[in-house]
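In case you want the letters, here they are:
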Amino acid sequence: MSRSNVLPWVSVGSLGGTLSMQPDGERQGVTPSLDCEALLRSVPQLADLAQVRARTLCLQPSASLDIPTLLEALGWAQREVEAGARAVVLTQGTDTLEETAYLLDLLWPCAAPLVMTGAMRSARQPGADGPGNLLAAVQVALAERSRGRGVQVVLDDTIHHASQVRKTASLALAAFESPGVGPEGVVVEGTVHYYRPGRAHAPLPVPTGPMPPVALLEACLGADTDLLWALPELGYAGVVIAGFGAGHVSHAWAEALGELAAQMPVVVATRTGNGPTARSSYGFVGGEIDLQARGVHMAGALCPRKCRVLLGLLLACGNVGLLEGWLR
Ligand code: GLU
């Protein structure tokens, strides 16, 4: 039996991003152009770990990824597992990774690991981090203890859970954190170490049509309420507010959100980037006690962007009643 016959099968799908970017000779700057086969060629060490099946799903900057493309990637990944893949790795741009990973985590139905990675330096830049990140992602994907942990994000030899990871630096190599809770684990000399057990959840149904639009607005000092009042007429089905501090808004916003909450789900998260919203501390108008009395949901530890993804999926499957359960 040849060695490759005994190695586990891992499928790698690529969606573009800096990892796949290089100068194209025509315009200034780098653009996505390396397909998945080319990415894999930059990591020859993979041949000792797994039989890797490659699929270029798209070549997009992650700002232009859309829900249908992500659902196609999800379907492809699931079919690979059903066909016998031990695990699936997806590569994409890091700019929207905290949202896409959470979307896929909410829908991923398999115990097999789905691991996402990207890069902060483009493929031909000195010190490019893409190959190392891809290698670490495959190492995490192959680890037995990665099963049943949903979707994880691996960059800089650090493992984050999709529900907690955030991009917290625009250009730094160590651009990802799990604020408040810390990473799930690390990869050291190719070995995967977890700091805590994983948590599984039942997957949400995959949307069969377009996702209902959910607005995301940030509370700002002295902001008027015009955009809030316009939301129903613009066709929004829900709204997430990145609120001040522990999930607070101004007096005027509290009144507008109370009226909106009678028409659509309203979630208030914190714009701080770290820590949960309060539930029972502040009694002023626009504080969390007042907002909850007006029918507004508090986001808990879920960041505003992930709240928007969650609410969109719950609206899509007609299950907004489950929202509070997800926001603990
Ligand atoms: N820094 C981003 C990346 O890592 C820019 C491009 C993108 O998100 O696609 O890929």
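Structure shown above.
Below is a short write-up of the structure. Note that this is a predicted model, so its numbers are computed, not measured.

## Side note on the overall build of the chain
Line of reasoning, step 1. Scanning the chain for helices and strands turns up ten helices and 16 strands.
Line of reasoning, step 2. In terms of C-alpha radius of gyration, the chain reaches 21 Å, essentially the compact-globule figure of 20 Å for 328 residues.
Line of reasoning, step 3. Going through the 328 residues of the chain one by one, you find that 50% of them count as buried.
Line of reasoning, step 4. Counting contacts in the chain only where the partners sit at least 6 residues apart, residues at least 24 apart contribute 71% of the total.
Line of reasoning, step 5. As presented, the chain carries roughly 14400 Å² of accessible surface, and 51% of it is formed by carbon and sulfur atoms.
Line of reasoning, step 6. Positive and negative side-chain charges of the chain, numbering 23 and 29 respectively, have mean locations separated by a distance of 7 Å.

## A word on the site of the ligand
Line of reasoning, step 1. Neighbouring the ligand are the residues G17, T18, M21, P61, S62, G93, T94, D95, A119 and K167.
Line of reasoning, step 2. Between the ligand and the protein, one listed contact pairs an oxygen atom with a backbone N or O atom of D95 at 3.1 Å.
Line of reasoning, step 3. Note that a nitrogen atom of the ligand is positioned 3.5 Å from one of the side-chain N or O atoms of K167.
Line of reasoning, step 4. Here the ligand loses 87% of its free accessible area of 270 Å² to cover by the protein chains.
Line of reasoning, step 5. Classifying every residue of the shell around the ligand gives three nonpolar, five polar and two charged.

## Some words on the environment of P212
Line of reasoning, step 1. One can find P212 in the loop between β12 (191-194) and β13 (214-218).
Line of reasoning, step 2. Along the sequence, P212 and L135 sit 77 residues apart, while their C-alpha atoms lie 37 Å from each other.
Line of reasoning, step 3. Once you skip the residues sitting within four places of it in the chain, P212 turns out to touch A237, G312, L315 and A316.

## Regarding the pattern of salt bridges
Line of reasoning, step 1. Summed over the entire model, instances satisfying the criterion amount to ten salt bridges.
Line of reasoning, step 2. Of the charged contacts in the structure, one is a salt bridge between D24 and R27, with a shortest N-O distance of 3.2 Å.
Line of reasoning, step 3. Judged by its relative accessible area of 29%, D24 is partly exposed.
Line of reasoning, step 4. What emerges from the salt-bridge pattern is a single network uniting E98, R166 and R305.

Each value, and the rule that gives it
Residues numbered from 1 in each chain as written. Predicted model: local features only at pLDDT ≥ 70, side-chain atom pairs only at ≥ 80, totals over all residues. Heavy atoms only, no water. Helix = DSSP H or I, 4+ residues; strand = E, 2+ residues; numbered from the N terminus. Rg over C-alpha atoms; globule rule 2.2 N^0.38 Å. Buried < 20%, exposed > 50% of the residue type's maximum accessible area, 1.4 Å probe, protein only. Contact = heavy atoms within 4.5 Å. Areas by Shrake-Rupley, 256 points an atom, 1.4 Å probe, with all protein chains shown as cover. Lys, Arg positive; Asp, Glu negative; His and termini not counted. Charge placed at Lys NZ, Arg CZ, Asp CG, Glu CD. Near = heavy atom within 4 Å. Polar contact = N/O pair within 3.5 Å; in protein donor to acceptor, adjacent residues only side chain to side chain. Nonpolar A, V, L, I, M, F, W, Y, C, P; charged D, E, K, R; others polar. Salt bridge = Lys/Arg side-chain N within 4 Å of Asp/Glu carboxyl O.

The values are spatial; any link to function lies outside them.
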